[in-house]
Amino acid sequence: MGYKLKIKKESVSGLFYPKNKTELENLIAKYKQNTQVKSDYKSKLVIAPHAGYVYSGYSAYLSLTHLCGKNIFIFAPAHKMFVESIALCDYDAFSTPLGTVKVNKETVNEIIEKYKLKYNNQAFENEHAIEVQLPFLQTLKKDFTIVPILVGACNYSIIKDIIAYYYNNKDNSFVISSDLSHFLSDKQAKEKDNITANLIEKNLYKELKRDVACNAISICAAMDFANEQNLNFIRLDMRNSSDASGETQRVVGYGSWLLSDITKNQYIKKYYANLIKDICYSSIKYKGECDLSNYPAVLKQIGACFVTLEINNQLRGCIGTIKGYRSLIDDLISNAYMSAYKDPRFSPVTQDELELLDIKV
């Protein structure tokens with residue numbers, strides 16, 4: 001008799017995402033259609049949420065569109081049982097309604113041996129935090145394997161060590177599967193998650209507390225690694241469950257990021273230079289009133305800018321901020337308006353001058 005593959009069957013299809021294949025494909029197709037991916041940047045590491053698709057599917061899909069590599073480590077929190085360190089399994093593959101995803105057993109065995117671990121299939125049995133990522137990856141990638149890792153009560157150094165050891169292999173990439181705050185009011189969640197986001201984006205891993213996210217250990221590991229390698233987290237999305245449910249008293253927060261080898265400023269300049277000028281022009285045209293609903297989340301990271309206005313190569317206004325204390329988009333809108341109308345060296349820009357403005361940021 002031949003070897004019978006050991007398949008991890010899906011646990012949360014029909015709960016966290018559709019069980020019917022066609023329905024699932026159609027839902028993911030809607031995410032693709034509605035996802036405004038203006039960046040083609042490919043990252044070796046992303047942070048993606050893992051709630052039900054109705055709540056965090058867009059955010060997760062957006063994050064995973066940026067993931068490169070064909071051997072994907074997925075670090076997820078162990079929700080269903082206590083895990084002392086990290087848990088790995090001896091499954092050959094994970095199944096979803098879209099088919100099976102092969103496990104890279106060679107790498108799994110290598111990690112088991114290196115850290116003196118034992119297989120712990122039980123920890124994976126009813127776990128959702130790895131499974132919900134798989135249909136997105138199956139849609140985005142034709143051929144890939146996974147290294148599924150459940151994170152328990154361990155020091156983040158073991159996660160950082162795994163990332164560092166495998167990172168330089170071009171085939172490897174990493175998903176940190178994590179939601180943010182849990183069961184606060186909408187207002188409280190936004191405040192707490194914004195603090196968390198700012199810590200992630202500044203790589204202040206020593207200040208990140210375990211209660212800010214359900215996989216804060218892995219986020220800390222990735223932040224420490226990023227800090228040592230001079231890499232940067234770029235925000236892709238921030239939201240919470242109230243955006244989908246309308247329930248504001250007890251929400252869960254979600255965020256997604258990619259890890260970049262260029263700075264936030266370089267990333268924005270590469271992908272959003274024209275948008276930046278459009279924002280400034282709109283602020284001037286509409287006297288500081290701008291619709292903020294559809295701008296990329298990276299512009300909502302804390303930032304500072306100078307906005308310079310010229311007409312026929314002659315200075316017409318310049319106002320700026322030296323140190324960031326508010327979102328970059330708020331800084332852009334304010335400084336563009338101030339440059340046009342409040343620079344004490346010049347009279348306010350007139351309607352006739354609008355089309356003549358050369359805007360530099």
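Everything below is about the structure printed above this text.
Described in the following lines is the structure provided in the data block. Keep in mind that this is a model prediction, so the values were computed, not measured.

Conventions and cut-offs
Residues numbered from 1 in each chain as written. Predicted model: local features only at pLDDT ≥ 70, side-chain atom pairs only at ≥ 80, totals over all residues. Heavy atoms only, no water. Helix = DSSP H or I, 4+ residues; strand = E, 2+ residues; numbered from the N terminus. Contact = heavy atoms within 4.5 Å. Buried < 20%, exposed > 50% of the residue type's maximum accessible area, 1.4 Å probe, protein only. Phe/Tyr/Trp six-rings, centres within 6.5 Å; stacked < 30°, edge-to-face > 60°. Pairing = 2+ DSSP bridges. 1 Å grid on protein atoms, 1.4 Å probe; cavity = no way out; pocket = protein on both sides within 12 Å on 5 of 7 lines; lining within 4 Å. Points joined across faces, edges and corners; volume = space filled by probe spheres on them. Nonpolar A, V, L, I, M, F, W, Y, C, P; charged D, E, K, R; others polar.

A closer look at the side chain of D193
- Within the element layout of this structure, D193 appears in helix α6 (residues 186–201).
- For D193, the contacting residues outside a window of four places in its chain are L180, S181, M238, G253 and Y254.

Regarding the environment of I234
- Relative to the helices and strands, I234 resides in strand β10 (residues 232–240).
- Taking the C-alpha atoms as reference, I234 lies 8.6 Å from A297; in sequence the two are 63 residues apart.
- Once residues lying within four places of it in the same chain are set aside, the contact partners of I234 are S256, W257, L258, S260, K264, Y267, V298 and Q301.

With respect to unusual backbone geometry
- Look at N203: it is not a glycine, yet its phi comes out positive at around 55 degrees.
- Locating N203 in the fold gives a position in the loop between α6 and α7 (216–229).
- The buried category is assigned to N203, whose relative accessible area is 10%.

Some points on the environment of D330
- Turning to its location among the elements, D330 is positioned in helix α10 (residues 328–341).
- For the pair D330 and G288, spaced 42 residues apart in the sequence, the C-alpha separation amounts to 9.7 Å.

Quick notes on the packing of aromatic side chains
- Scanning the model with the defined rule gives 18 aromatic pairs in all.
- Considering the side-chain rings of Y61 and F136, the 5.9 Å spacing of their centres and the 65 degrees angle between planes classify their relative orientation as edge-to-face. Of this pair, Y61 sits in helix α2 (residues 53–64) while F136 sits in helix α4 (residues 134–140), and the two are 75 residues apart along the sequence.
- According to the relative accessible area criterion, F136 is buried, its value standing at 1%.
- Between the aromatic rings of Y91 and F94, the centroid separation amounts to 6.0 Å while the plane-to-plane angle is 75 degrees, which identifies the pairing as edge-to-face.

Here's the deal with the pairing of strand β2 (residues 45–48)
- Side-chain alternation along β2 places L45 and I47 on one buried face and V46 and A48 on a second face that is also buried.
- Sheet topology note: the β2/strand β8 (residues 172–177) ladder contains four bridges and is parallel. Looking across to β8, one finds that L45 is bridged to F174.
- Of the strand pairs in this sheet, β2 and strand β11 (residues 251–260) are connected by two bridges, and their pairing is antiparallel. Bridging from a neighbouring strand, V46 pairs with L258 of β11.

Section: the layout of surface pockets
- Estimated volume of the largest pocket: approximately 870 Å³.
- Taken together, 34 residues form the lining of the largest pocket, with D237, M238, Y295, A297 and K300 sitting closest to its centre.
- Where the lining of the largest pocket is concerned, the elements lending two or more residues are α2, α6, β10, α9 (264–285) and α10.
- Considering every element that reaches the lining of the largest pocket, the biggest residue donor is β10, with six residues.
- Residue classes in the lining of the largest pocket are distributed as 15 nonpolar, 10 polar and nine charged.

Some words on empty space enclosed by the protein
- Considering all chains together, one arrives at one cavity of 30 Å³ or more under this definition.
- Computed from the structure, the largest cavity encloses a volume of approximately 40 Å³.
- Together, K8, F94, F124, E127, I130 and E131 line the largest cavity.
- The residue inventory of the lining of the largest cavity, partitioned by class, reads three nonpolar, no polar and three charged.

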